Amino acid sequence: ERKREREREAMAASKELFKGLEQALSKEGEKLVKMFKGVALFKIDGQDFLLDLKNGSGKLYFDGSSGSGAPKADVTLTMSDDVFVKLASGKLQPQMAFIQGKLKIQGNIALSMKLTPVLKAAQPKASL
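Note on numbering: residues in each chain are counted from 1, in written sequence order. In keeping with the predicted nature of the model, local features appear solely for residues at pLDDT of at least 70, side-chain atom pairs appear and are counted solely at 80 or more, and the whole-chain, interface and lining totals rest on all residues. Hydrogen atoms and water are omitted, and side-chain values are computed over all heavy atoms in the structure.

**Comments concerning helix α5 (residues 115–122)**
Only protein chains enter the calculation, and the probe is 1.4 Å; a residue is then buried if its accessible area is under 20% of its type maximum, exposed if over 50%, and partly exposed in between. In this text, helices come from DSSP runs of H or I with a minimum length of four residues, and strands from runs of E with a minimum of two, each type numbered from the N-terminal end. Burial in α5 covers these residues: L115, V118, L119, A121 and A122. Viewed end-on, α5 has its buried residues packed into an arc of 145 degrees, placing them on one side of the element. Throughout, the arc means the angular range of directions from the helix axis out to the C-beta atoms.

As C-alpha cells, this is what we get:
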C-alpha cells in the first residue's frame, strides 16, 4: 500500500516538472526549440509525454492528448518517474542513467544528449 502511495506521489512530481516545462515553453519556447531541434517522447511509468521542440515555440502533449496533430518522436526515452525527477533536477546524468540501465533510449541518441539544458528549464525557479 505504501509503495502505491509513493508511486502516486512520484508521478505527481513528474507531472509538476512537465508543467514547469510547459511554462518554460510559453516564456522561452523558441529558444528551447533552437537548442533542441527535435521531438522527444518520454515514457514514464506507463504514461507518455511528447515534447515537440522542433516546431514553432514548442509544445507539450500529455498522456493520450497527442491525437493526430502530434509530430512523430525523433527520440524515445523510457524510464521510471524517480529517474526522470533525478535527471530533471540534475542529480543524475543521462549518460550514467543509460549505462546503469535506468534509462532506455530509442531513436536519435545524439538528440537525447541535448535534453539536459531543456530539462533544467523545467525546474521550478526559486523566487527570492
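**Looking at the environment of K19**
Structurally, K19 can be placed in helix α1 (residues 2–36). By relative accessible area, K19 is classed as partly exposed at 42%. In the structure, K19 is positioned 41 residues away from L60 in sequence and 9.0 Å away in space, judged by C-alpha atoms.

**Section: empty space enclosed by the protein**
Buriedness for pockets is judged along seven lines, at least five of which must meet protein on both sides within 12 Å for an open set on the 1 Å grid over protein atoms alone, while cavities are sets there where a 1.4 Å probe fits but cannot get out, and lining residues have an atom within 4 Å of a point. Grid points are joined across faces, edges and corners, and a volume is the space filled by probe spheres set on the points. Going through the model one piece at a time under the given rule, you end up with one cavity of 30 Å³ or more. In this model, the largest cavity occupies a volume close to 60 Å³. F42, L77, M79, L87, P94, L103, I105, S112, L115 and L119 together form the lining of the largest cavity. Listed by contribution, the elements that provide at least two residues to the lining of the largest cavity are β4 (75–79), β5 (103–107) and α5. Under the scheme applied, nonpolar residues are Ala, Val, Leu, Ile, Met, Phe, Trp, Tyr, Cys and Pro; charged residues are Asp, Glu, Lys and Arg; polar residues are all the others, including Gly. For the lining of the largest cavity, a count of residues per class yields nine nonpolar, one polar and no charged.

**As for the packing of aromatic side chains**
A ring pair, where both rings are aromatic, is described by two values, the distance of the centres and the angle of the planes. Two rings belonging to Phe, Tyr or Trp (six-membered ring only in the last case) form a pair when the distance between their centres is within 6.5 Å. Interplanar angles under 30 degrees mark stacking, angles over 60 mark edge-to-face geometry, and anything in between is tilted. Applying the stated criterion across every chain yields a total of five aromatic pairs. With a centroid separation of 4.8 Å and 5 degrees between ring planes, the pair formed by F18 and F84 is classed as stacked. Note that F18 is positioned in helix α1 and F84 in helix α2 (residues 81–89), a separation of 66 residues in sequence. Here the aromatic rings of F49 and F62 are separated by 5.8 Å at their centres, their planes lie at 80 degrees, and the arrangement is edge-to-face.

**Re the nonpolar core**
Counting residues in hydrophobic clusters, the biggest one holds 32 residues, and the most contacted among them are F42, L77 and M79. Of all elements in the fold, only α1, β1 (38–44), β2 (47–53), β4, α2, β5 and α5 reach the threshold of two or more residues within this core. Should any heavy atoms of two residues lie within 4.5 Å, those residues are counted as being in contact. Not counting the four nearest positions on each side in its chain, L77 is found in contact with A40, L41, F42, K43, L103, K104, I105, S112 and L115. Definition of nonpolar core: a set of buried residues of the types Ala, Val, Leu, Ile, Met, Phe, Trp, Tyr and Cys, connected through side-chain atoms within 4.5 Å.

**Description of the sheet that holds strand β3 (residues 59–61)**
Spatially, five strands are ordered β3-β2-β1-β4-β5 in an open sheet, and the strand pairing comes out mixed. Only two strands of the sheet have a single partner each, and these edge strands are β3 and β5. With strand direction ignored, the average angle separating the axes of adjacent strands in the sheet is 15 degrees. When DSSP locates at least two bridges between a pair of strands, those strands are taken to pair. Looking at chain direction, β1 and β2 are connected through seven bridges and run antiparallel. In this description, a line fitted to the C-alpha atoms serves as the axis of each element, helices being fitted only across the stretch in contact, and the angle between N-to-C directions of two axes falls anywhere from 0 to 180 degrees.

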